Amino acid sequence: MTTATYSTHPHEHERSEHGIGYWLTMALAVVLLAFGLAIFAGGVWLIALGGSYYYAISGVGLLATSIFLFRTSMAAFSIYLVTWLGTLVWAFWEVGFDWWAQLPRLLAPTIVLLLVAATIPVLKRAEND
Amino acid sequence: MASRHLATLTLALGLGCVSAVPAVLAQQTSSDPVQDEPTTAQSQLPPVPADEDGERPAVSPGAAGESGAAETADIGTDRSQPQATQAVGADWPYYGGGPKAQRYSPLDQINTGNVGNLERAFVYRTGDMPSERAKGKYAWEGTPLKVGHSLYMCSAENILISVDAATGKENWRYDPKVSDDAIPYSASCRGVAYYVNPQAGDAAACKTRIIEGTLDARLIAVDAKTGEPCEDFGDNGAVSLWDGIGNKVPGWYAVTAPPAIVRGVIVTGAQVKDGEAEDAPSGVIRGYDAVTGKLAWAWDLANPELTGEPADGETYTRGTPNMWTAPVGDEKLGLVYLPLGNSSVDYYGGNRSDAENEWATSLVALDVTTGKPAWHFQTVHYDLWDYDLGSQPTLVDFPTDKGKVPAVILPSKQGDLYILDRRTGESLFPVKSVDAPSGGVEPENLSPTQPTSAYHTLRKKRLTEKDMWGATPLDQLWCRIQFRRANYDGFFTPPSADKPWIQYPGYNGGSDWGSVSVDPKNGILIANYNDVPNYNRLIARKKADEMGLKPINERAKEDNGSIPAKAEGAGDPQAGAPYAIDVNAGWRSSLTGMPCTEPPYGGITAIDLASGETLWDEPLGEALRNGPFGIASRLPLTIGTPNNGGPLTTAGGLVFVAAATDDLIRAIDVKTGKVVWQDQLPAGGQATPMTYEVDGRQYLAISAGGHHFMETPVGDYLVVYALPQNAS
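Residues numbered from 1 in each chain as written. Chains lettered and ligands numbered in written order. Predicted model: local features only at pLDDT ≥ 70, side-chain atom pairs only at ≥ 80, totals over all residues. Heavy atoms only, no water.

The name given to chain B in an unreviewed UniProt entry is Quinoprotein glucose dehydrogenase, and the organism recorded there is Breoghania corrubedonensis. The annotation that UniProt attaches to chain B under Sequence similarities (unreviewed entry) is "Belongs to the bacterial PQQ dehydrogenase family." In its Cofactor (unreviewed entry) section, UniProt records this for chain B: "pyrroloquinoline quinone". (UniProt positions renumbered as here; feature names shortened; annotations may be inferred.)

As annotated in an unreviewed UniProt entry, chain A is Quinoprotein glucose dehydrogenase from Breoghania corrubedonensis.

If you want it as structure tokens, here you go:
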């Protein structure tokens, strides 16, 4: 769990060990929070209009990923991996091997997967603390 | 090398059996073209044997009718007899190639084996580029003619130009001084017409003449040899088309297409700028003597008794459906085929007259000897979608079980291709009547059914939510929400004001002004097409007033007619109707500017002419210049872009087509649909290419003029290709 909650770590000491990786992880968490909120809210609207359930569900995945990134928890990666795998299954179910149609469905989520994977060292270090 | 010019000299003179309007033609005039049962011409009309070169003797399918072939005495040219036509081959004497407008050339020096060696022979620049005021309004769209050693063309603002067809050296130019005020939707001049005065001596001035209609609504005739105005034509070479139209509002009434000249009669309509007002210039079709420029006849569809000029202070019926695109004529039958558009106000029909509802969005066969309709065929009933017939029709000797039938191919924006017996207007294939969606703001007026063609349609299957697109899941989601929020009940969903509605295909087609090409040798029809929806909404009058939407005649008073360029329909006032209209052409995402629907947005297909079956169908255009937020992706991947400009097919087994938004011209193998050559143009290639031969060398020409609506770079280039001289 996040270091900030451990009383054994002095506040000053904790801040000093946050390197660039930590702040990039936080930046990614902020971006995913923004996208997650938009996609979740839009997804709920789409369901209300009679459309696909995918977006609301993937919005939940993004929000959860974001929260666990804020907490520098390895669960962030696991949750996003599941979200991405679910996206993959959904995308092929919807449009198969039509690569132009896959562009909006898979490109950005795959980039996000790579970015979340890139935070693993930060998350691991945090968990080992 | 030896000339491969396959002359197909089409001499129709001396075939005295042509009667002007056979009785069989007249009976169709008022009948409803939508029929549930198959109508086949072969069961009703005798097949006519074609002669060797695909041309045919004149036909006389019925006894001579009572309609007058004889009332031609009042003008100089005898309209009772066909005149000689020019053959396509070494020359490209008509906008559509030959007299049949097949956009086909029998030249085969450039072929599938050597097309990869094509190189630029020359690049000619017209010098006609937009002024500061005209920026964002240019879309040249020109296709030159070639006769003898000369190319003949008009620039975007109607400068007539002749250049040497082998070198690009300018022979002459004639500038009719068209003002930027005159630009309607676009500064376009798609082409000119070439006419040989059969009565003049060979040395006489204007024996051969180049004729164009201008943006400021004049017919201009100049000597093909010198570019000097023809003194015998109108007022020193010009005829005003504003006569009888009413108050002169520059940009509201403009000619952008070449006229047809049939039996010595110049037949022209004009573009009446869409969506301005119900009280708009008339869509009257007029015929002028090609020698004298005198009005031969007028056809005002809502006032058929008026065949000359209206009385002083009166006008031809205002707001009626117009013909903004190119017609085609049949010299032997003495008919001209007019692809009519919709009434001036496209998206509301409650105030239209019965005559408008009868004739709008119809192909009309008009007898050029009298100016009276022989038959007509309506492709959309009660058109509320701007489904103007935009494609020049193509004449063809259509292969049937019982021989060849003189037919006309009618492409449409909704995608259906109709094959009609051009003598009678009877469809050679079943015309199906489909139930149309109901609803919208005028449900009581809607046509309950609409026609579709059993021959072929370029239209794709109806949209679903999963066809929505974007760069990321977020903008894709936004488009899915837009999809669910709109009224959409498939093809022909009626206009609505409570919610937006989706129109698919959009007003760009299907097939637009580029039309189709026919390879008569292999029996293949080539069609490039758009596959793009529009996202539209009616705007109640009160709100439109608040938005400041005013028709062009009121705008003109305020700011001298300099109107910001915009896509057609994006906030058109439709004055007189209870609703204005807002069109999101191509349904672009408000988040990214990218289309809300997935690619392809355009394609090109080959169709077996006899059966209508698809031979191949490929996306047309690369993603090079497209991307989110207007940023060019530079992806050299075929995505299928919107396209404007027709195909050219040659006996070399090639289809040449530019049209797409990637600024490429390409050659496609007609048998396989594969691109076998391409070249980058210096500007957008929104034009139909043409080909010709000089001294045994075949040339390929395309104008790169760009197009504001297609968002391609504007230019004034005529780019001409040929094979290296030592390699042929």
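Having seen it, we continue.
Draft legend 1. Geometry of the overall build of chain B. Assigned secondary structure in chain B consists of five helices and 41 strands. Looking at chain B as a whole, 66% of its 728 residues are labelled buried. Residue pairs at least 24 apart in sequence account for 66% of intrachain contacts in chain B once pairs closer than 6 positions are excluded. Surface exposure of chain B reaches about 23700 Å², of which carbon and sulfur atoms provide 50%. (Helix = DSSP H or I, 4+ residues; strand = E, 2+ residues; numbered from the N terminus. Buried < 20%, exposed > 50% of the residue type's maximum accessible area, 1.4 Å probe, protein only. Contact = heavy atoms within 4.5 Å. Areas by Shrake-Rupley, 256 points an atom, 1.4 Å probe, with all protein chains shown as cover.)

Draft legend 2. Inspection of the packing of aromatic side chains at higher detail. Counted by the stated rule, this structure contains 32 aromatic pairs over all chains. Look at A:W100 and B:W469: their rings are 6.4 Å apart centre to centre, the planes differ by 65°, and that puts the pair in the edge-to-face class. Taken together, the positions of A:W100 in helix 5 (residues 99-118) and B:W469 in the loop between strand 26 (456-457) and helix 3 (473-485) put the pair across two chains. Members of the aromatic cluster, joined through ring pairs, are B:W385, B:Y387, B:F491 and B:F492. Across the ring face of B:Y382, the terminal group of B:R352 is positioned such that the distance to the ring centre comes to 5.5 Å. (Phe/Tyr/Trp six-rings, centres within 6.5 Å; stacked < 30°, edge-to-face > 60°. Lys NZ or Arg CZ within 6 Å of the ring centre and 35° of its normal.)

Draft legend 3. The arrangement of the UniProt feature "transmembrane region" (unreviewed entry) in chain A in detail. Residues and elements named next belong to chain A. UniProt tags residues 20-47, 53-70, 77-93 and 105-123 as "transmembrane region" (unreviewed entry). For residues 53-70, the end-to-end C-alpha separation is 26 Å, with 94% helix and 0% strand making up the annotated structure. Secondary structure within residues 77-93 divides into 100% helix and 0% strand; the distance between the first and last C-alpha atoms comes to 24 Å.

Draft legend 4. Quick peek at the nonpolar core. Residue and element names in this part refer to chain B. Formed by 48 residues in total, the largest nonpolar core has its most connected members in L118, F656, W677, Y692 and Y721. Broken down by secondary-structure element, the contributors of at least two residues to this core are strand 2 (119-125), strand 4 (150-154), strand 5 (160-164), strand 36 (654-657), strand 37 (664-669), strand 39 (690-694), strand 40 (697-704) and strand 41 (717-722). Residue contributions to this core peak at six residues, all from strand 41. Leave out the neighbours within four places in its chain, and F656 touches I110, V115, L118, G646, P647, L648, T650, R666, A667, W677, P689 and L700. Among the nonpolar cores identified, the runner-up in size contains 32 residues, and I261, I266, A270 and I552 belong to it. (Core = buried A, V, L, I, M, F, W, Y, C linked by side-chain atoms within 4.5 Å.)

Draft legend 5. Quick look at the pattern of salt bridges. All names here are of chain B. Taken as a whole and judged by the stated rule, the model has 29 salt bridges over all chains. The partner of D330 in a salt bridge is R422, and the shortest N-O contact between them spans 2.6 Å. Of this pair, D330 sits in strand 17 (residues 328-330) while R422 sits in the loop between strand 23 (416-421) and strand 24 (431-435), and the two are 92 residues apart along the sequence. Assessed through its relative accessible area of 7%, D330 is described here as buried. The buried category is assigned to R422, whose relative accessible area is 3%. Residues E618 and K674 are paired through a salt bridge, measuring 3.3 Å at the closest nitrogen-oxygen approach. Of the two residues, E618 is situated in strand 34 (residues 614-619) and K674 in the loop between strand 37 and strand 38 (675-680); the sequence distance between them amounts to 56 residues. (Salt bridge = Lys/Arg side-chain N within 4 Å of Asp/Glu carboxyl O.)

Draft legend 6. Inspection of the state of the cysteines at higher detail. Residue and element names in this part refer to chain B. Evaluated as defined, the whole model comprises three disulfides over all chains. There is a disulfide in this structure between C154 and C189, and the S-S distance comes to 2.1 Å. Looking along the S-S bond of the C154-C189 disulfide, the torsion reads about -100°, which is the left-handed sense. With C154 in strand 4 and C189 in the loop between strand 6 (170-174) and strand 7 (193-196), the pair connects residues that are 35 residues apart, well separated along the chain. Among the residues examined, C189 registers a relative accessible area of 2% and is labelled buried. Each sulfur of the disulfide joining C206 and C230 lies 2.0 Å from the other. Taking the sign of the S-S torsion, -95° for the link of C206 and C230, the bridge is left-handed. Placement of the pair is C206 in the loop between strand 7 and strand 8 (208-213) and C230 in the loop between strand 9 (218-223) and strand 10 (238-240), with a sequence separation of 24 residues. (Disulfide = S-S within 2.5 Å.)

Draft legend 7. Representation of the sheet that holds strand 1 (residues 104-105) of chain B within the structure. All names here are of chain B. Read across the sheet, five strands follow the order 1-35-36-37-38 without closing on themselves; strand pairing throughout is mixed. In the strand order of this sheet, the two ends are held by strand 1 and strand 38, each with one partner. Of the strand pairs in this sheet, strand 1 and strand 35 (residues 648-650) are connected by two bridges, and their pairing is parallel. Across the sheet, S105 pairs through a bridge with T650, a residue of strand 35. (Pairing = 2+ DSSP bridges.)

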